[in-house]
Amino acid sequence: MRARYLEGARAIAPIGVASFAFALSFGVLARTAGMGTTAPIVMSATTFGGSAQFAVASLLDAGGAAAAAIVAALMLNARYMPIGISVASSFEGPAWRRLLQAQLIVDESWAVALKRRGGFDVRVLLGAGGLLYVTWVSGTVVGVMVGDTIGDAESLGLDAAFPALFLALLVPQLTGRRELEAAILGGAIALALIPFTPAGVPIVAGAAACLVSYRR
């Protein structure tokens, strides 16, 4: 049993390095946006969602209202609804334990745990998600503490790193026609909506389309 947790941690370790760097840049941005030192760390520890957290910090940095930032974050994290539905039956135990374990379901931990040993491996996900959680929170702490000495995240190439990472996670999942159709449909819908809808809407609509296509 312990070996499967370690398997997840080892599988996610290279991504953990990127997660630390990405969280560090979030800490820098959050500090610049006037979120202080405590709020970004608490947000990373409780939200544990990079895209949603960056949306909040970016909107606040641009002078946006807190309500708009919260709505954008909720919409971006709504993609975890279809992800959660796809793996819910694999979790066992009382509701409180399943609720806590579900907090470690993020894009990367879900991807490395999917289709191992012919199905979804919860222990692999928890090992992977646990390591990512540590790197994300610790990276945020460092980013908040060092502040502006790190520089602009875009100048370091971090703005392109995670789209490339998600693409790398997607490709191994395209093992059949149904998976390919779901990915193409979801991507097409998201790209079509980007110019016309608020942040978060394209990814939620694309994820919902993938779920419908996959369940067909």
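Residues numbered from 1 in each chain as written. Predicted model: local features only at pLDDT ≥ 70, side-chain atom pairs only at ≥ 80, totals over all residues. Heavy atoms only, no water.

1. Section: the overall build of the protein chain
Step number 1: Helix and strand counts for the protein chain stand at 11 helices and 0 strands.
Step number 2: The order of α-helices and β-strands along the protein chain, N terminus first, is α-α-α-α-α-α-α-α-α-α-α.
Step number 3: For the protein chain, the residues scored as buried account for 39% of the 216 residues in total.
Step number 4: Across the protein chain, contacts joining residues at least 24 apart in sequence account for 71% of those joining residues at least 6 apart.
Step number 5: Of the roughly 11300 Å² of accessible surface on the protein chain, 69% is carried by carbon and sulfur atoms. (Helix = DSSP H or I, 4+ residues; strand = E, 2+ residues; numbered from the N terminus. Buried < 20%, exposed > 50% of the residue type's maximum accessible area, 1.4 Å probe, protein only. Contact = heavy atoms within 4.5 Å. Areas by Shrake-Rupley, 256 points an atom, 1.4 Å probe, with all protein chains shown as cover.)

2. Some points on the side chain of threonine 140
Step number 1: By the element assignment, threonine 140 lies in helix 8 (residues 122-146).
Step number 2: The exposure class assigned to threonine 140 is buried, which follows from its relative accessible area of 0%.
Step number 3: Here serine 44 takes part through its side chain, which lies 2.7 Å from a polar atom of the side chain of threonine 140.
Step number 4: Excluding anything up to four places from it in sequence, threonine 140 contacts Ala23, Leu24, Phe26, Gly27, Pro40, Ile41 and Ser44. (Polar contact = N/O pair within 3.5 Å; in protein donor to acceptor, adjacent residues only side chain to side chain.)

3. Points about the pattern of salt bridges
Step number 1: Inspection of every chain in the model, using the stated rule, returns 1 salt bridge.
Step number 2: The shortest N-O distance in the salt bridge between arginine 4 and aspartate 121 comes to 3.2 Å. Here arginine 4 is found in helix 1 (residues 2-32), whereas its partner aspartate 121 is found in the loop between helix 7 (107-113) and helix 8, with 117 residues between them in sequence. (Salt bridge = Lys/Arg side-chain N within 4 Å of Asp/Glu carboxyl O.)

4. Re the nonpolar core
Step number 1: Residues Phe91, Phe120 and Leu125 are the most contacted members of the largest nonpolar core, which totals 37 residues.
Step number 2: Put simply, the parts of the chain that give this core at least two residues each are helix 1, helix 3 (50-61), helix 4 (66-77), helix 5 (80-87), helix 7 and helix 8. (Core = buried A, V, L, I, M, F, W, Y, C linked by side-chain atoms within 4.5 Å.)

5. Details of the environment of alanine 11
Step number 1: In this fold, alanine 11 is placed in helix 1.
Step number 2: Look at alanine 11 and you get partly exposed, because its relative accessible area is 29%.
Step number 3: Each C-alpha atom, one on alanine 11 and one on leucine 125, is 9.9 Å from the other, the two residues being 114 residues apart in sequence.

6. Here we look at a nonpolar patch on the surface
Step number 1: Together, Leu174, Leu180 and Ile184 make up an exposed nonpolar region whose accessible area comes to about 250 Å².
Step number 2: Mapped onto the elements, leucine 174 comes out in the loop between helix 9 (158-170) and helix 10 (177-193). (Patch = residues over 30% accessible without salt bridge, like charges linked within 9 Å, V, L, I, M, F, W, Y side chains within 5 Å.)

7. Points about the packing of aromatic side chains
Step number 1: Per the stated rule, a full pass over the model turns up 5 aromatic pairs.
Step number 2: For the pair phenylalanine 26 and phenylalanine 54, a centre-to-centre distance of 5.7 Å together with 65 degrees between the ring planes defines the contact as edge-to-face. You can see phenylalanine 26 sitting in helix 1 and its partner phenylalanine 54 sitting in helix 3, a full 28 residues away along the chain.
Step number 3: For phenylalanine 54, a relative accessible area of 15% corresponds to the buried category.
Step number 4: An aromatic cluster is defined as three or more aromatic residues linked by ring pairs; in this entry it consists of Phe22, Phe26, Phe54 and Trp136. (Phe/Tyr/Trp six-rings, centres within 6.5 Å; stacked < 30°, edge-to-face > 60°.)

8. Brief notes about the packing of helix 2 (residues 38-46) against helix 8
Step number 1: Here helix 2 crosses helix 8 at 170 degrees, and the two axes come no closer than 9 Å. Between helix 2 and helix 8, the interaxial angle falls into the category roughly antiparallel. Contacts from Pro40, Ile41, Ser44 and Ala45 of helix 2 reach helix 8 at Tyr133, Trp136, Val137, Thr140, Val141 and Val144.
Step number 2: Partitioning the contact of helix 2 with helix 8 into residue classes produces 8 nonpolar, 2 polar and no charged. (Axes fitted to C-alpha atoms, helices over the stretch in contact; angles between N-to-C directions. Parallel < 35°, antiparallel > 145°, perpendicular 65-115°, else oblique. Nonpolar A, V, L, I, M, F, W, Y, C, P; charged D, E, K, R; others polar.)

9. Observations regarding the packing of helix 3 against helix 4
Geometrically, a packed helix pair is captured by the angle between its two axes and the distance between the axes.
Step number 1: Remark: helix 3 packs on helix 4, axes separated minimally by 8 Å, with the N-to-C direction vectors making an angle of 160 degrees. It follows from the interaxial angle that helix 3 and helix 4 lie roughly antiparallel. Considering the relative orientation of helix 3 and helix 4, their crossing is right-handed. Across the interface between the two elements, Ser51, Ala52, Ala55, Val56, Leu59 and Leu60 from helix 3 touch Ala66, Ala68, Ala69, Ala72, Ala73, Leu76 and Asn77 from helix 4.
Step number 2: Among the residues making up the contact of helix 3 with helix 4, the classes are represented as 11 nonpolar, 2 polar and no charged. (Left-handed = near helix turned anticlockwise from the far one by under 90°.)

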